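Residue-level listing of the chains:
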Amino acid sequence: MKNSVVPSRITEAREACALSMGDLAEKIGVTRQSISKYERGIISPSLDVLQSISFSLCFPVDFFYKEETSTMTGTSPLFFRSRSNISKKVKNACKYQMKWVSETRRQLERFVEFIEHSPLAIDADYEDLQGKDIEELALSIRQDWGLGDSPIGDLIGILENQGLIIAQFPHDGFCSFNGIDAYSSWYGGIPYIIYDHVQKSAVRTRFSILHELGHLVLHSSISEEDAIKKEVVDFADMQADRFAAAFLLPATSFPKDIRGTSLTHLELVKKKWGAAMSTMIRRCETLDLLTENQIEYLKRQMTIKRYWHKEPLDDLLQIDPPEMLRDAVYLLVDNHILTRDAFFDLCALPPKELQCICSLPDDFFDDHLRKQKPVLKVVKSGTDL
């Protein structure tokens, strides 16, 4: 840790909480101008003020002394799978989440050798890719990873074994991520996917993660400037959806299981392939497996049964959480290379944030966070007074 406060870390913590300078100033009882000066490094906050900032933003004091990571080469814009428009404040919060996952990995990398990621990004211009090209690419990656064209079991485990870093984002944290299913980025040449693990069905989560894999494969060349253009985002999302569907439900094998046009039949196919019934209907439409009338019939039945938002088996099918970062932490702790306290201090992130990034149990840092009471001893008895 440095001996002086790093101004950009104050900005980072504040924006991660989706607060303005005025909001933070009001919380800690200083002027907005003072916050601006702290964040620009014109003046350094006193220890009392820094303690107030730490308490208000729920960040450890050490976070504000943590050296800033250098600008990373091989970094792409964030891509999102989302049901709604995302505000700039939320995008900033997501950007910092991605940064913290990367910083945590880099701290662990000092002690643990991670799997080198498989080649993913393509050289072709994404704008030139047709649907059939994306289908072939998804199947090619499946073949390279030894998956063939069979249903995928432990999706996150498969991706982690190919060197991707997968993490969850917290729901009891600083900023509301409502509407965001997942987002991804190349960060320092490493592919990252962060996803929502709460209140989402396993089949929706699986598709969202594969949607982000599609972005990592297809769209690493898109610039920050282009990544905010609606026409670029819409086109990239359409391609990522096609990739996810092709990877999840290969055109070479999935059609063999479409033997009926009832929702009951699709429920059986859902259990085998781990894909939403709505996704399978769209896939049947894309691959011309059913007639237009049959597709419309299934869609009407989905509406009648109210299955568009909650389907059969959604409460039963599960997805296993990420394990790579968690296993790295336990490897160091169990081999007495780092204590839990040392790991916490090394990362200098809020405990809930760090638990979520590394898929650690809720009580992992309890000993560190438990209030330590001073030990008092009686030195005189009442008779001595």
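Up top you'll find the structure we're talking about.
Caption draft 1: Inspection of the overall build of the protein chain at higher detail. Counting secondary structure elements, the protein chain contains 16 helices and 4 strands. By principal-axis analysis of the C-alpha atoms, the protein chain measures approximately 95 × 55 × 45 Å. Within the span of the protein chain, comprising 385 residues, buried residues form 49% of the whole. Summarising the internal contacts of the protein chain: among those between residues at least 6 apart in sequence, 76% fall at separations of at least 24. A gap of 5 Å separates the mean positions of the 46 positive and 56 negative side-chain charges of the protein chain.

Caption draft 2: Layout of helix 13 (residues 324–334). Looking only at helix 13, the buried set comprises M324, L325, A328, V329, L332 and V333. Those residues of helix 13 that are buried lie in contact with helix 5 (88–109), helix 7 (155–161), strand 2 (165–168), helix 14 (340–347) and helix 15 (351–357).

Caption draft 3: Local environment of the packing of aromatic side chains. One pass over the full model with this rule turns up 16 aromatic pairs. Pairing F59 with F63 gives two aromatic rings, centres 4.7 Å apart and planes at 50 degrees, and the pair type is tilted. Accessibility classification places F59 together with F63 in one group, the buried group. Relative to Y183, the ring of F169 lies with its centre 5.9 Å away and its plane at 25 degrees, an arrangement referred to as stacked. Of this pair, F169 sits in the loop between strand 2 and strand 3 (180–187) while Y183 sits in strand 3, placing them 14 residues apart in sequence. Taking the relative accessible area as the measure of exposure, F169 reaches 0% and is therefore buried. Grouped by ring-pair contacts, the aromatic residues Y330, F343, F344, F364 and F365 constitute a single cluster. The ring of F63 carries R9 above its face, with NZ or CZ at 5.2 Å from the centroid. For R340, the ring lying beneath its charged end belongs to F364, and the centroid distance is 4.1 Å.

Caption draft 4: Molecular detail of the pairing of strand 4 (residues 190–195). Among the 6 residues that make up strand 4, 6 are buried, leaving the element largely enclosed by the rest of the structure. Burial along strand 4 is two-sided: the face carrying I190, Y192 and I194 and the face carrying P191, I193 and Y195 are both buried. Direction of pairing for strand 2 relative to strand 4: parallel, over a ladder of 4 bridges. Residue pairing for strand 4: Q168 is matched across the bridge by Y195. Bridge count for strand 3 against strand 4 is 6 bridges, and the pairing is antiparallel.

Caption draft 5: Broad picture of the packing of helix 5 against helix 13. Between helix 5 and helix 13, whose axes approach to 11 Å, the crossing angle comes to 35 degrees. Read as a crossing pair, helix 5 and helix 13 show a hand that is left-handed. The segment helix 5 lies against helix 13, with V101, R105 and L108 engaging L325, A328, V329 and L332.

Caption draft 6: Spotlight on the pairing of strand 3. The element strand 3 is extensively covered by neighbouring structure, given that 8 of its 8 residues are classed as buried. The hairpin formed by strand 3 and strand 4 contains 2 residues between the paired strands, and G188 there has a positive phi angle of roughly 60 degrees.

Caption draft 7: Summary view of the pattern of salt bridges. Applying the stated criterion to the full structure yields 26 salt bridges. The salt bridge involving E68 is made with R9; its shortest N-O contact spans 3.8 Å. Within this pair, whereas E68 is found in the loop between helix 4 (47–57) and strand 1 (79–82), its partner R9 is found in helix 1 (residues 7–16), the two being separated by 59 residues in sequence. The buried category is assigned to R9, whose relative accessible area is 0%.

Caption draft 8: Focus on the nonpolar core. With 57 residues, the main nonpolar core has F59, F64 and F343 as its most contacted residues. For this core, the leading source of residues is helix 5, giving 7 residues. Membership of the second largest hydrophobic core comes to 49 residues, among which are I158, F243, L249 and A275.

Caption draft 9: Inspection of the environment of L129 at higher detail. Mapped onto the elements, L129 comes out in the loop between helix 5 and helix 6 (131–144). Put simply, L129 and I209 are 80 residues apart on the chain and 21 Å apart in space, counted from C-alpha to C-alpha. Residues contacting L129, with those up to four places away along its chain left out, are I122, A124, I134, L218 and Q239.

Caption draft 10: The arrangement of unusual backbone geometry in detail. The backbone of L313 shows a phi angle near 80 degrees, a positive value even though the residue is not glycine. In this fold, L313 is placed in the loop between helix 12 (292–304) and helix 13. Look at A348: it is not a glycine, yet its phi comes out positive at around 50 degrees. When you line up the elements, A348 lands in the loop between helix 14 and helix 15. When its relative accessible area of 1% is taken as the criterion, A348 is described as buried.

Caption draft 11: Expanded view of the environment of E231. Turning to its location among the elements, E231 is positioned in helix 9 (residues 230–248). Residue E231 is classed as exposed on the basis of its relative accessible area, which comes to 55%. In sequence terms E231 and K305 are 74 residues apart; their C-alpha atoms lie 34 Å from each other.

Caption draft 12: Here's a closer look at the state of the cysteines. If you walk through the whole model with that rule in mind, you get 0 disulfides. Between C58, a free cysteine, and C17, which holds the nearest cysteine sulfur, the sulfur-to-sulfur gap is 6.9 Å. Of the cysteine sulfurs around C347, a residue in no disulfide, the closest is that of C358, at 6.4 Å.

What counts, and at which threshold
- Residues numbered from 1 in each chain as written.
- Predicted model: local features only at pLDDT ≥ 70, side-chain atom pairs only at ≥ 80, totals over all residues.
- Heavy atoms only, no water.
- Helix = DSSP H or I, 4+ residues; strand = E, 2+ residues; numbered from the N terminus.
- Buried < 20%, exposed > 50% of the residue type's maximum accessible area, 1.4 Å probe, protein only.
- Contact = heavy atoms within 4.5 Å.
- Lys, Arg positive; Asp, Glu negative; His and termini not counted.
- Charge placed at Lys NZ, Arg CZ, Asp CG, Glu CD.
- Phe/Tyr/Trp six-rings, centres within 6.5 Å; stacked < 30°, edge-to-face > 60°.
- Lys NZ or Arg CZ within 6 Å of the ring centre and 35° of its normal.
- Pairing = 2+ DSSP bridges.
- Axes fitted to C-alpha atoms, helices over the stretch in contact; angles between N-to-C directions.
- Left-handed = near helix turned anticlockwise from the far one by under 90°.
- Salt bridge = Lys/Arg side-chain N within 4 Å of Asp/Glu carboxyl O.
- Core = buried A, V, L, I, M, F, W, Y, C linked by side-chain atoms within 4.5 Å.
- Disulfide = S-S within 2.5 Å.

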